[in-house]
Amino acid sequence: MTTIALVGCSARKRKVLSQAEDLYIGTLFRLSRLWAERFADRWLIISAKLGIVEPSQLVIPYKLNLKKLSKRERESWVLRTREELRKRVAPGDRFILLAASEYGRCASDIDGCEVVEPMRGLRIGKRLAWLKLSLGGI
């Protein structure tokens, strides 16, 4: 069993082509990345535009928020992103969702995989506090 952290992208981005792990510069992303690197076996980024993104993947800056998509577009995104994720995991893998719950829908219903949301229901300030505490009080 592999523990895979799924880190949500961020609205704040560098303005130049970058590796995904360096493109997103929001505080929540940066702390989630640190948590993922410390506590997960591997980590992936969930993007409203790109779906599942490997941290080393080169990405051109973009502007898109999952909440801005229509219901039909979000459903299409979930199905497409779930298939991308399914190709990268094995039955029994465990997902730690470090993103808004709507991003986590892509990880549900993957055979034998568990989804854990340690920050479920927390607003951004509480998410930041949880991450900082988990990381030893950064």
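The structure displayed is predicted, hence computed values, not measured ones.

Draft legend 1. View of the sheet that holds strand E3 (residues 42–47). Spatially, five strands are ordered E4-E3-E1-E6-E7 in an open sheet, and the strand pairing comes out mixed. Taken across any chain shown, the strands that pair with only one partner, and hence form the sheet edges, are strand E4 (51–53) and strand E7 (114–116). Averaged over all pairs of adjacent strands, the angle between strand axes in this sheet comes to 30°, irrespective of strand direction. The pairing of strand E1 (residues 3–8) with E3 spans five bridges and is classified as parallel. Counted as the bridge partner of Ile4 is Arg42 from E3. Against the sheet, helix H2 (residues 27–39) touches E1, E3 and strand E6 (94–98), its axis set at about 175° to E1.

Draft legend 2. Region of interest: unusual backbone geometry. Positive phi, normally seen in glycine, also occurs at Asp109, with a value near 65°. Counting through the fold element by element, Asp109 comes out in the loop between helix H4 (101–104) and E7. On the basis of relative accessibility, which here comes to 61%, the residue Asp109 falls in the exposed class.

Thresholds, definitions, all that
- Residues numbered from 1 in each chain as written.
- Predicted model: local features only at pLDDT ≥ 70, side-chain atom pairs only at ≥ 80, totals over all residues.
- Heavy atoms only, no water.
- Pairing = 2+ DSSP bridges.
- Helix = DSSP H or I, 4+ residues; strand = E, 2+ residues; numbered from the N terminus.
- Axes fitted to C-alpha atoms, helices over the stretch in contact; angles between N-to-C directions.
- Contact = heavy atoms within 4.5 Å.
- Buried < 20%, exposed > 50% of the residue type's maximum accessible area, 1.4 Å probe, protein only.

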